[in-house]
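Fold and geometry: a report
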Amino acid sequence: MTMSTDARLDAFMARLVERNPGEPEFHQAVHEVAQSVMPYIEAHPAYGKANILERLTEPDRAILFRVTWQDDDGNVRVNKAYRVQFNNAIGPYKGGLRFHPSVNLSVLKFLGFEQIFKNSLTGLPMGGAKGGSDFDPKGKSDGEVMRFCHAMMSELWRHIGKDTDVPAGDIGVGGREIGYLFGQYKRLQNEWGGTMTGKAIAYGGSLIRPEATGYGTVYFVQEMLRRQGGTLEGKTALVSGAGNVALYTIEKLLHLGAKPLTASDSSGYIYDPDGINEDKLAWLAELKTVRRGRVKEYAEEFGCEYHAGKRPWGVKADLAFPSATQNEIDEVAATKLVKNGVLAVGEGANMPTSREGADVFQAAKILYGPSKAANAGGVAVSGLEQSQNAVRLSWPREEVDERLKTIMSNIHAKCVEFGCEDDHVDYVKGANIAGFVKIADAVMSYGVM
Ligand code: NDP
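Scope of this entry: the structure provided in the associated data block.

Reading the values: rules and limits
- Residues numbered from 1 in each chain as written.
- Predicted model: local features only at pLDDT ≥ 70, side-chain atom pairs only at ≥ 80, totals over all residues.
- Heavy atoms only, no water.
- Near = heavy atom within 4 Å.
- Polar contact = N/O pair within 3.5 Å; in protein donor to acceptor, adjacent residues only side chain to side chain.
- Areas by Shrake-Rupley, 256 points an atom, 1.4 Å probe, with all protein chains shown as cover.
- Pairing = 2+ DSSP bridges.
- Helix = DSSP H or I, 4+ residues; strand = E, 2+ residues; numbered from the N terminus.
- Axes fitted to C-alpha atoms, helices over the stretch in contact; angles between N-to-C directions.
- Core = buried A, V, L, I, M, F, W, Y, C linked by side-chain atoms within 4.5 Å.
- Buried < 20%, exposed > 50% of the residue type's maximum accessible area, 1.4 Å probe, protein only.
- Contact = heavy atoms within 4.5 Å.
- Right-handed = clockwise from strand over helix to strand, strands pointing away.

**Let's talk about the site of the ligand**
Around the ligand there are 26 residues in total, and Asp170, Thr213, Ser266, Arg294 and Asn350 lie nearest to it. Between the ligand and Asp170, the relevant distance is 2.6 Å, taken from an oxygen atom to a side-chain nitrogen or oxygen of the residue. Between Ala242 and the ligand, the recorded distance is 3.0 Å, taken from a backbone N or O atom to an oxygen atom. For the ligand, whose free accessible area comes to 890 Å², the fraction covered by protein is 85%.

Pasting the structure below:
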């Protein structure tokens, strides 16, 4: 008797959970990919014979180290830091660094695993990795952040390199942190190479890199709507977060005629029924990136609603852009969105929808753009930053934006190619299989290793 696909999936997941106990985020990310690719592997037995899925779910290596630094009062402080180098079959490891108290091995393995498929989808030669620390930059002085970054790079530098592993930013790691990290790397390595992306323009960054994840997510949703004959013009949109991804998502929505209604941080969300316009967005960006304040102050400044400790998914709107963190849309939130008639969801954050929430979107057959496809614009422009560094050139803004649009459109087309069922596109399936095929073929080319 041959096993059914469901039984194979259950057996595979049981082995994975046994090998990786206590890592729920990692289990969740693997389950989503395995569910999509298992039937494909059954139809293409060479992948099964080579045990590709099992090989892809074990990182090449995971480095764990101590970061010791001194706070402004002279106290010696200790944090854990990590770099998970997951897979470099198609190019040097590539993926961000996250600084947040919730960072642990499970979170970084989920992000590193996702990154393999996302980077594959961009069509650029980049492997998958992720790293970070449980260090919390919130409430720390510039001097403390600098000392932490320098201390962290004093160990990380020996594991990375422009042809080995190229980190970038993520939650808690923006332009300021990249500057401190790259400066220390350059000093220790005595080499100016493109070993980090997200750099400022003054020292080798790419135009459009800060905007790329948010812009790319909006371009992806635009493609999904366009395929059905729709546009962004006049659509209302919910955005969560008020960081890098959220701010540039709001900006591009405004450029394309949509009306963003919400923004949030870990304390709560604001709902502005008149819409966050260009002036209000500039005020919010200054609040979050310069003054490092809370979104609550937006409600006080512009006299709109603030909901402490809540997320924006109960507000009625046409589109939703979760852009804060993982699992911020659960089953209840997804059900509310669907009930309120949401047309499309573009995941700017990584895995912002729980498994149960994703099932609700899939069952309702809304346009559901999963993170590894929808937010791939950020890493794509990081790849373009590496290319510009390699040829010692800086491309104009319009050129980078055009390339970003083309990459997002190509990713959309790949999702349609592998995810089209009758007239409905299962973008989760499409993204997972399209990402998988390229990686699996590369891994198999190398033989057994
Ligand atoms: P930022 O640190 O710039 O902003 C994160 C935002 O999300 C902040 O508003 C933060 O609020 C909020 N947030 C963070 N953690 C939580 C939480 N546990 N609950 C509620 N809100 C939270 O990060 P980015 O904008 O760079 O990243 C956001 C998401 O996008 C992440 O999932 C990241 O992995 C993903 N991403 C980012 C890319 C990039 O290029 N930066 C590329 C691809 C994906 P507060 O200020 O209160 O902490």
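**Topic: the sheet that holds strand E10 (residues 305-308)**
Reading across from one edge, E8-E9-E10 is the order of the three strands in this open sheet, with antiparallel pairing throughout. Bordering the open sheet on either side are strand E8 (262-265) and E10, each of which pairs with just one other strand. Across this sheet, the average inter-strand angle for adjacent strands is 15 degrees, counted without regard to direction. Across four bridges, the pairing between E8 and strand E9 (residues 268-271) is antiparallel. Across the sheet, Ser264 pairs through a bridge with Tyr269, a residue of E9.

**Describing the nonpolar core**
If you look at the biggest cluster of nonpolar residues, it comprises 56 residues, and the most contacted ones within it are Phe220 and Ile411. The element contributing the most residues to this core is helix H8 (residues 209-227), with eight residues. With residues up to four places along the chain from it excluded, the contact list for Ile411 reads Leu121, Thr122, Phe220, Ala373 and Ala376. Val37, Ala50, Ile52 and Ala89 belong to the second largest nonpolar core, which has 39 residues in total.

**Here we look at the pairing of strand E4 (residues 128-133)**
A large share of E4 lies buried, amounting to six of its six residues. Side chains Gly128, Lys130 and Gly132 project from E4 onto one buried face, and the interleaved Ala129, Gly131 and Ser133 project onto a second face that is buried too. As paired strands, strand E2 (residues 76-87) and E4 are joined by six bridges and run antiparallel to one another. If you follow Gln85 over to E4, its bridge partner there is Ala129. Pairing of strand E3 (residues 93-99) with E4 involves three bridges; the strand directions are parallel. Residue pairing in the sheet places Arg98 in a bridge with Gly132 of E4. Between the parallel pair E3 and E4, the chain is carried across by helix H5 (residues 105-122), and the sense of this crossover is right-handed.

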